[in-house]
Amino acid sequence: KPLRAHLPPSMWMLQGSPYPRGEELFPYLWNGLDVVCLHRQPVDMVVIDPGNKAPMVAEWQIIDTVCRPRWVVLHNINLPNHAGGWIYQYLLDRPKQWRQEAFGRYALHPERWTLTVELNRVRSWAVFSSTKS
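Residues numbered from 1 in each chain as written. Predicted model: local features only at pLDDT ≥ 70, side-chain atom pairs only at ≥ 80, totals over all residues. Heavy atoms only, no water.

Chemist: Give me the lowdown on the confidence of the model for the chain, citing residues and values where you can.
Modeler: With 82% of its residues at a pLDDT of at least 70, the chain reaches an overall mean of 83. Within the chain, strand 2 (residues 71-75) carries the highest mean pLDDT (96), whereas helix 1 (residues 32-40) carries the lowest (84). (pLDDT = per-residue confidence, 0-100. Helix = DSSP H or I, 4+ residues; strand = E, 2+ residues; numbered from the N terminus.)

Here it is in structure tokens:
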């Protein structure tokens, strides 16, 4: 057998709601994100591309404390009602734990959109590295 056959997977892609929706953090509920991170932590990188109106408070607490990522990539940090914005600010406010490595933006379309829809045309992203040992 090739040597690689004995190595664990090098990338996992997960999508969905790992924490039961409509549930509060207290009492804490065992969930799928815990199970994955418990066996794979610290993870190398977490990419967060939240949907509209997804607060991700419970998910971020699990990612930060159980998964303990070395890198965090955030997408849609400039859009209203997206969790990327508050997580971005949270990481910026903790320079002893997180360092911003890159920031950028791109337009979904070269032409300007009308009225408030224009807010959704440009998307911002950021990359952070953990300074925790």
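Following the structure, the description resumes.
Chemist: Mind laying out the nonpolar core, listing which residues take part and the relevant values?
Modeler: Within the largest apolar cluster, 21 residues are counted, with the highest numbers of intra-cluster contacts made by Ile48, Leu74 and Leu91. Elements with a minimum of two residues in this core: helix 1, strand 1 (45-48), helix 2 (57-67), strand 2, helix 3 (83-92) and strand 4 (122-130). Excluding residues that lie within four positions of it along the chain, isoleucine 48 makes contacts with Met56, Trp60, Ile63, Val72, Val73, Leu74, His75 and Ile87. (Core = buried A, V, L, I, M, F, W, Y, C linked by side-chain atoms within 4.5 Å. Buried < 20%, exposed > 50% of the residue type's maximum accessible area, 1.4 Å probe, protein only. Contact = heavy atoms within 4.5 Å.)

Chemist: Explain unusual backbone geometry to me, and be specific about the residues and the numbers.
Modeler: Glycine aside, residues mostly have negative phi, and peptide bonds are mostly found in the trans state. Residue proline 42 is bonded to the preceding glutamine 41 through a cis peptide linkage, with omega at -5°. Phi is positive for methionine 56, which is not a glycine, with a value near 55°. As for its position among the elements, methionine 56 is in the loop between strand 1 and helix 2. Despite not being glycine, asparagine 76 has its phi angle at roughly 65°, a positive value. Considering the arrangement of structural elements, one finds asparagine 76 in the loop between strand 2 and helix 3. Relative accessible area serves as the criterion here: at 4%, asparagine 76 is assigned to the buried category.

Chemist: Which residues make up the environment of arginine 112, and what values go with them?
Modeler: Note on placement: arginine 112 falls in the loop between strand 3 (98-107) and strand 4. Counting along the chain gives 10 residues from arginine 112 to valine 122, while the straight-line C-alpha distance between them is 9.5 Å. Aside from chain neighbours lying at most four places away, what touches arginine 112 is Glu118 and Arg121.

Chemist: Could you give an account of the packing of aromatic side chains, naming the residues involved and the relevant values?
Modeler: For the structure shown, the criterion picks out 5 aromatic pairs. Taken together, a centroid distance of 6.2 Å and an interplanar angle of 75° make the contact between tryptophan 60 and tyrosine 90 edge-to-face. With tryptophan 60 in helix 2 and tyrosine 90 in helix 3, the pair connects residues that are 30 residues apart, well separated along the chain. Since its relative accessible area comes to 24%, tyrosine 90 is described here as partly exposed. An aromatic cluster of at least three residues, connected via ring pairs, comprises Trp60, Trp86, Tyr90 and Trp98. It is arginine 94 that lies over the ring of tyrosine 90; its NZ or CZ is 3.6 Å from the centre. (Phe/Tyr/Trp six-rings, centres within 6.5 Å; stacked < 30°, edge-to-face > 60°. Lys NZ or Arg CZ within 6 Å of the ring centre and 35° of its normal.)

Chemist: Which residues make up the state of the cysteines, and what are the values?
Modeler: For the coordinates displayed, the defined rule picks out 1 disulfide. Here cysteine 37 is linked by a disulfide to cysteine 67, with a sulfur-sulfur distance of 1.7 Å. Where cysteine 37 bonds to cysteine 67 through sulfur, the torsion about that S-S bond is close to 75°, and the disulfide is right-handed. Of this pair, cysteine 37 sits in helix 1 while cysteine 67 sits in helix 2; the two residues are 30 residues apart in sequence, bridging distant segments of the chain. (Disulfide = S-S within 2.5 Å.)

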